[in-house]
Amino acid sequence: MNILIANDHGAVELKTAIVAALAAKGHRVENLGVDTGDSVDYPDMAKLAAERYLAGGFDFGILCCGSGIGISIAANKVDGIRCAQVFDLYTAEMCKRHNDANFIAFGGRVEYAVPVVDMIERYMATEFEGGRHRRRVDKLCR
Ligand code: RB5
């Protein structure tokens, strides 16, 4: 898949691990995030990634900040972006199945019970169900 990733300084290690794992599985990952601990503002990283995604060419995007919260809030301010904060395999699956999320978000300072890459793989393996969920997702769009 063609995947976009961006992060702030709170998730450099997590971003690096995700990129390495996805690349090793043959995915193309474009890294728009920062690679040092120098402080940046997560709304800027979210906006950059959202605009790049909307320009086309990507299957989905991944956003990471310290908690996963700020960067997902920021991304969801952009019309056309549906960013889900994913916590486990269930939310990884349902955000695609029912919400057709085009971004998923994780926190570099969060202790997850499941490896983040497993959650990403579950998301990638899931299809949007459409039907009544299409109607609901359409109501999210301005
Ligand atoms: C940065 O210190 C931190 O606030 C940010 O990465 C994120 O957790 C915000 O939601």
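Keep in mind that this is a model prediction, so the values were computed, not measured. (Residues numbered from 1 in each chain as written. Predicted model: local features only at pLDDT ≥ 70, side-chain atom pairs only at ≥ 80, totals over all residues. Heavy atoms only, no water.)

**Q** What is the right way to look at the site of the ligand in this model?
**A** Inspection of the region around the ligand gives Asp 8, His 9, Tyr 42, Cys 65, Gly 66, Ser 67, Gly 70 and Arg 109 as its neighbouring residues. With respect to the ligand, the backbone of Ser 67 contributes an N or O atom lying 2.9 Å from an oxygen atom. For the ligand, the accessible surface in isolation is 290 Å², of which the surrounding protein chains cover 70%. Across the shell around the ligand, the residue classes tally to two nonpolar, four polar and two charged. (Near = heavy atom within 4 Å. Polar contact = N/O pair within 3.5 Å; in protein donor to acceptor, adjacent residues only side chain to side chain. Areas by Shrake-Rupley, 256 points an atom, 1.4 Å probe, with all protein chains shown as cover. Nonpolar A, V, L, I, M, F, W, Y, C, P; charged D, E, K, R; others polar.)

**Q** Please clarify how helix H5 (residues 116-125) should be interpreted in this entry.
**A** Working note: α-helix, 3.6 residues per turn, so residues spaced by three or four point in the same direction. Val 116, Val 117, Met 119, Ile 120, Tyr 123 and Met 124 are the residues of H5 that are buried. The buried residues of H5 occupy an angular sector of 155° when the element is viewed end-on, so they sit on one face. Buried residues along H5 sit against strand S1 (2-7), helix H1 (12-24), strand S3 (60-65), helix H4 (89-97) and strand S5 (103-107). (Buried < 20%, exposed > 50% of the residue type's maximum accessible area, 1.4 Å probe, protein only. Helix = DSSP H or I, 4+ residues; strand = E, 2+ residues; numbered from the N terminus. Arc of directions from axis to C-beta. Contact = heavy atoms within 4.5 Å.)

**Q** Got a minute to help me understand the side chain of His 133 in this structure?
**A** Checked against the element boundaries, His 133 lands in helix H6 (residues 132-140). Only 3.5 Å separates the side chain of His 133 from the side chain of Glu 129, close enough to count as a polar contact. Setting aside anything within four residues of it in sequence, one finds His 133 in contact with His 98 and Phe 128.

**Q** Looking at this model, I keep getting lost on the environment of Phe 87. Mind explaining?
**A** Its place among the elements puts Phe 87 in the loop between strand S4 (83-85) and H4. Residue Phe 87 is classed as partly exposed on the basis of its relative accessible area, which comes to 46%. Each residue touching Phe 87, except ones within four places of it in the same chain, is listed here: Tyr 112 and Met 119.

**Q** Could you clarify how one ought to interpret the packing of H4 against H5 in this entry?
**A** Axis angle and axis distance: for two packed helices, these are the angle between their axes and the distance between the axes, and together they describe the pair. The geometry of H4 relative to H5 is characterised by a closest axis approach of 8 Å and an angle of 30° between their N-to-C directions. Viewed along their axes, H4 and H5 adopt a mutual orientation that is roughly parallel. The chirality of how H4 crosses H5 is right-handed. For the pair H4 and H5, the contacting residues are Leu 89, Ala 92, Glu 93, Cys 95 and Lys 96 in the first and Asp 118, Met 119, Arg 122, Tyr 123 and Met 124 in the second. (Axes fitted to C-alpha atoms, helices over the stretch in contact; angles between N-to-C directions. Parallel < 35°, antiparallel > 145°, perpendicular 65-115°, else oblique. Left-handed = near helix turned anticlockwise from the far one by under 90°.)

**Q** Just to check I follow, could you spell out the pattern of salt bridges for this structure?
**A** Here the idea is simple: oppositely charged side chains can pair when their charged atoms come close. If you walk through the whole model with that rule in mind, you get 10 salt bridges. Of the charged contacts in the structure, one is a salt bridge between Arg 28 and Glu 30, with a shortest N-O distance of 3.0 Å. Using a relative accessible area of 43% as the deciding quantity, one classes Arg 28 as partly exposed. Between Glu 129 and Arg 97 there is a salt bridge, with its nearest N and O atoms 4.0 Å apart. (Salt bridge = Lys/Arg side-chain N within 4 Å of Asp/Glu carboxyl O.)

**Q** Just to check I follow, could you spell out the pairing of S1 for this structure?
**A** Note on strand geometry: in a regular strand, side chains alternate between the two faces of the sheet. Of all six residues making up S1, five are buried, and the element is well covered by its neighbours. Sheet analysis places S1 next to strand S2 (residues 28-31), joined by four bridges and oriented parallel. Pairing of Leu 4 across the sheet is with Glu 30, part of S2. Following the chain from S1 across H1 to the adjacent parallel S2, one finds a crossover that is right-handed. Pairing between S1 and S3: five bridges, direction parallel. Bridge pairing links Ile 3 to Phe 60 in S3. (Pairing = 2+ DSSP bridges. Right-handed = clockwise from strand over helix to strand, strands pointing away.)

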